[in-house]
Amino acid sequence: GRTAVSTGTVLVSGTGSEWQAGNQLVVGSEVDLSTRALLAGGGSGSITVEDSGTLSSRNIFIQNGDMEINSGGTATGRLAILGNDTGGTGELTVSGLGSRMDLTGKNSSGSRAALVIGDEGAGTLNINNGGVVEVNGDLEPGRGSVINLGGSLNTTQATGNGIANVDGAGSELRLSSGEVALFQV
């Protein structure tokens, strides 16, 4: 959903089903990767990854919409931002045993794995019924992983509104090989 009146929906479902989205996947708007600014927006989008389906993209922006990973579905990348820009509302739900999102960043350019919930907009992360979200960065100083709740990736100031709900046996939000977890107030 790129324009104000548009809606987009994607379903990746079943063993062997895979979507490789390349450098960036944007739900609900188009985002300039270098500035994270909306280029066009107002639309909405929805992505579901389920039943052992897989999705991979280096950067995942959920600006206006939602992404659900359930029933053993998996998603991988380096960066995920929920509620990327002012006025945006992004939600990620990871539910059920075997369902997971793995964000990993280990490269020489200093890029690091990061999960930002409510960058400049509103972001919500729901992990339940055994779902797992893991942010796993490099062990080198300055390249560790980051989980940022209610703030921008590039500042320690509160810039957005972030909510993380983790509920149910086996449900986990993990910061592995990390150095920073920022909870903006």
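Reading the values: rules and limits
- Along every chain, residues carry numbers that run from 1 in the direction the sequence is written.
- Local features are withheld for residues below a pLDDT of 70 in this predicted model, meaning they are given only at 70 or higher, and side-chain atom pairs are given and counted only at 80 or more; totals for whole chains, interfaces and linings count all residues.
- Water and hydrogen atoms were dropped before computing side-chain values, which therefore reflect all heavy atoms in the structure.
- We call a set of buried Ala, Val, Leu, Ile, Met, Phe, Trp, Tyr and Cys residues a nonpolar core when their side-chain atoms join them within 4.5 Å.
- Relative accessible area decides the class of each residue, using a 1.4 Å probe on protein chains only: under 20% of the type maximum gives buried, over 50% gives exposed, and in between gives partly exposed.
- A contact between two residues is defined here by any heavy atoms of the two lying within 4.5 Å.
- Counting from the N terminus, the helices are DSSP H or I runs at least four residues long and the strands are E runs at least two residues long.
- For two strands to be treated as a pair, DSSP must find no fewer than two bridges joining them.

### Details of the nonpolar core
Consideration 1: The biggest cluster of nonpolar side chains holds 27 residues, and the ones touching the most others in it are M67, L92 and M101.
Consideration 2: What L92 contacts, discounting residues up to four positions off in sequence, is I62, M67, I69, L82, M101, T124, L125 and N126.
Consideration 3: Of all hydrophobic cores here, the second largest spans six residues; its members include F61, I81, V116 and V146.

### Some details on the pairing of strand β16 (residues 132-137)
Consideration 1: Across the six residues of β16, six count as buried, placing the element largely inside the fold.
Consideration 2: Neither face of β16 is left uncovered, since the one carrying V132, E134 and N136 and the one carrying V133, V135 and G137 both have all their residues buried.
Consideration 3: Summarising the sheet, strand β13 (residues 100-105) and β16 pair through six bridges and their orientation is parallel. Residue L103 lies in a different strand from β16, and its bridge partner there is V135.

### Considerations on the environment of I117
Consideration 1: Secondary-structure assignment places I117 in strand β14 (residues 114-117).
Consideration 2: For the pair I117 and I163, spaced 46 residues apart in the sequence, the C-alpha separation amounts to 6.9 Å.
Consideration 3: In this view, I117 contacts L82, G123, T124, L125, N148, L149, G150, N161, G162, I163 and A164; residues no more than four positions away in its chain are not counted.

### Focus: the pairing of strand β11 (residues 79-82)
Consideration 1: Side chains of β11 alternate between two faces, with L79 and I81 and A80 and L82 buried alike.
Consideration 2: With four bridges joining them, strand β8 (residues 59-62) and β11 adopt parallel strand pairing. For I60, the partnering residue across the bridge sits in β11 and is A80.
Consideration 3: Of the pairings in the sheet, the one linking β11 to β14 comprises four bridges and is parallel in character. Bridge pairing in β14 places L82 opposite I117.

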